[in-house]
Amino acid sequence: MNNLVNKMDENMKWLKRENEVLGSGMRLPFFPLVIKEAKGEFIYDYDGNKWIDFLSSACVTNTGHAHPVIIDRMKEQMDQLVHYNPAYASHENLIALSEELIRITPGNFSKKVTYGLSGSDANDTAIKLARSYTRKSKILAFSRSYHGNTYGALSASAVSLPMRQNMGPLLPDIYHIPFPDIYRPQFKTDNESERCIAAIKHILETVCPPEEIAAIIIEPIQGDSGVIVPQQAFIDELKQLCNEHGILIIADEVQTGFGRTGKWFASEHFQLEPDLTVMGKAIASGMPLSAVVGRSEIMTSWQPPAGAFSLAANPISCVASRATIEVIETENLTKRAQELGSYIKNRFRYFQERFGVIGDIRGEGLMLGIDLVGSQVSKEPNHSYAAKICWSCWEKGLFLTFFSGSVLRIAPPLTIKEEYLEQALQILEESFEDVTAGRVPDSVLDEIKGW
Ligand code: PMP
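Keep in mind the model is a prediction, meaning the values are calculated, not measured. (Residues numbered from 1 in each chain as written. Predicted model: local features only at pLDDT ≥ 70, side-chain atom pairs only at ≥ 80, totals over all residues. Heavy atoms only, no water.)

### As for the site of the ligand
Residues in close proximity to the ligand total 13 residues, the closest being Gly119, Ser120, Asp224, Asp252 and Gln255. Here an oxygen atom of the ligand and a side-chain polar atom of Ser120 are 2.5 Å apart. Between the ligand and Lys281, the relevant distance is 3.2 Å, taken from a nitrogen atom to a side-chain nitrogen or oxygen of the residue. Out of a free accessible area of 390 Å², the ligand has 84% covered by protein chains. Counting residues per element, the shell around the ligand draws most heavily on helix α5 (residues 119-134), which supplies three residues. Across the shell around the ligand, the residue classes break down as two nonpolar, seven polar and four charged. (Near = heavy atom within 4 Å. Polar contact = N/O pair within 3.5 Å; in protein donor to acceptor, adjacent residues only side chain to side chain. Areas by Shrake-Rupley, 256 points an atom, 1.4 Å probe, with all protein chains shown as cover. Helix = DSSP H or I, 4+ residues; strand = E, 2+ residues; numbered from the N terminus. Nonpolar A, V, L, I, M, F, W, Y, C, P; charged D, E, K, R; others polar.)

What follows is the structure, given as structure tokens:
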């Protein structure tokens, strides 16, 4: 396939200007891309280039970019009411959306909702709610988790040093416990889940008194650590530990939610009914909105303005979220995510046989991680190969990134048409051929560093 990406002149002009004005913490070093337009499964730049989007704005645009149903509803709403601070007045879409969120979240018990603007602030809210309800302060969080960049979420996160460096004291009373990684077991045995549970119990016996723990916060499938799927047995043991000690379970479904893994929420893969479910990203197809849905008694355990944000539950965001739920249901996108996900996994199994660099293929639905290694036996992460594959795909018209150093992130919109999925997989195969044959120079590694 010929290179679809030709020139980058206009992009570069914009980025030069941006370089003068934008701080350094916002953007991960991948591609010199300035997006002009995005529709469906495509993104477009200022130089007439077009890419198939395999990132979906990092699992934000599950319904594809600018889904017409969602856009129409937003436009109608814009003419009626742009916003009113929800601390002072309600609006119909806040109420109707809350009913919908309660309906789709796991947990067959009485629930209520509260709103924010980002996954990070929603995780802070969940931590605060757990503390205020239980009157306990300690929180357990997992190794390699990503919960966000506000202080609470950051304190719970453990995926990357740059997030935490030089931040001064983080939130106290957060303890990190091991998350099982079957492919690269931390305990170097084949009973990783059991060993992690044993390590957690050891922490409860020696450093963190269980009766002082308010909650445990978990990504049911870890995202940014490279798509790590726990075993059912691990989740079962964890539930039992929490039951035993009256510890609440907070599921951070910010990345896994809204159909991404082939279910509404990833907790459903494990029959997990979290006390609090945290959602963001895809909740409103790109409009700023986050929510915590939880047991009524927890959600009513604090007093205003403890949970108030002036810009939360914006009517246009709420309308976008209601339309997102409708689109996911009418277009059967959870089922579609499952079907396309298994299809992609099969294609990668073929690549795995053909090219010796694929160590592991994992994930659920359309949240997949392809772990690239130096050797399938020694499993050492192959950063340069991952970076080169992504660069080669970029040059051929596929927007693909990697995380955790060496894991290709496969997360197209759930609406991606088969024809373009096929085209993307074709580009990927050619990129594997090119990188294997040494046709992608080392110099690209200076451009695409990833994270
Ligand atoms: N939780 C998870 C699991 C996430 O993946 C992210 C974002 N990567 C966040 C929380 C933070 O969300 P936001 O960037 O919207 O604050």
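### Section: the environment of Arg17
Position of Arg17 among the secondary structure elements: in helix α1 (residues 9-21). A relative accessible area of 57% means that Arg17 is categorised as exposed. For the pair formed by Arg17 and His245, sequence separation is 228 residues and the distance between their alpha carbons is 55 Å. (Buried < 20%, exposed > 50% of the residue type's maximum accessible area, 1.4 Å probe, protein only.)

### Focus on the sheet that holds strand β2 (residues 42-45)
Ordered in space as β1-β2-β3-β13, the four strands form an open sheet in which the pairing is mixed. The two strands at the open ends of the sheet, each matched to only one other strand, are β1 (35-39) and β13 (398-399). The sheet contact formed by β2 and strand β3 (residues 50-53) spans three bridges and is antiparallel. Opposite Ile43, over in β3, you have Trp51 as the bridge partner. (Pairing = 2+ DSSP bridges.)

### A few points about the packing of aromatic side chains
Geometry of an aromatic ring pair is reported as the spacing of the ring centres plus the angle between the planes. The final tally for this structure, using the stated rule, is 23 aromatic pairs. Plain terms: the ring middles of Phe30 and Phe402 are 5.4 Å apart, the flat faces sit at 80° to each other, and that makes the pair edge-to-face. On the criterion of sequence distance, the pair formed by Phe30 in the loop between α1 and β1 and Phe402 in strand β14 (residues 401-403) is long-range, its members being 372 residues apart. On the numbers, 5.2 Å between centres and 80° between planes, the contact of Phe142 with Phe179 is edge-to-face. Of this pair, Phe142 sits in strand β5 (residues 138-142) while Phe179 sits in the loop between β6 (174-177) and α8 (192-206), and the two are 37 residues apart along the sequence. One exposure class covers both Phe142 and Phe179, and it is buried. Among the aromatic residues, those joined into a ring-pair cluster are Phe30, Phe31, Trp51, Trp391, Trp394, Phe399 and Phe402. Note that Lys111 overlies the ring of Phe109, its terminal NZ or CZ placed 5.9 Å from the centroid. (Phe/Tyr/Trp six-rings, centres within 6.5 Å; stacked < 30°, edge-to-face > 60°. Lys NZ or Arg CZ within 6 Å of the ring centre and 35° of its normal.)

### Description of the pattern of salt bridges
Under the definition given, this model contains 24 salt bridges. The salt bridge involving Lys13 is made with Glu10; its shortest N-O contact spans 3.1 Å. Of this pair, Lys13 and Glu10 both sit in helix α1, three residues apart, which is roughly one turn of that helix. Among the salt bridges present, the one from Asp181 reaches Arg144, with a minimum N-O distance of 3.0 Å. Placement of Asp181 in the loop between β6 and α8 and of Arg144 in the loop between β5 and α6 (151-156) is noted, with a sequence separation of 37 residues between them. Linked through salt bridges whose partners overlap, the residues forming this network are Arg184, Asp360, Arg362 and Asp371. (Salt bridge = Lys/Arg side-chain N within 4 Å of Asp/Glu carboxyl O.)

### A few points about unusual backbone geometry
Cis geometry marks the peptide bond from Pro304 to Pro305; its omega dihedral reads 10°. As for its position among the elements, Pro305 is in the loop between α10 (296-299) and α11 (315-330). At Ser57, a residue that is not glycine, the phi angle is positive and equals roughly 55°. Checked against the element boundaries, Ser57 lands in helix α2 (residues 56-59). The exposure class of Ser57 is partly exposed, given its relative accessible area of 41%.

### What to know about the packing of α8 against helix α9 (residues 232-245)
Running from amino to carboxyl end, α8 crosses α9 at an angle of 20°, the nearest separation of the two axes being 9 Å. Considering their axes alone, α8 and α9 lie roughly parallel with respect to each other. The interaxial crossing formed by α8 with α9 has right-handed handedness. Of the residues in α9, those in contact with Ser193, Cys196, Ile197, Ile200, Lys201 and Leu204 of α8 are Phe234, Glu237, Leu238, Leu241 and His245. Split by residue class, the contact of α8 with α9 holds seven nonpolar, two polar and two charged. (Axes fitted to C-alpha atoms, helices over the stretch in contact; angles between N-to-C directions. Parallel < 35°, antiparallel > 145°, perpendicular 65-115°, else oblique. Left-handed = near helix turned anticlockwise from the far one by under 90°. Contact = heavy atoms within 4.5 Å.)

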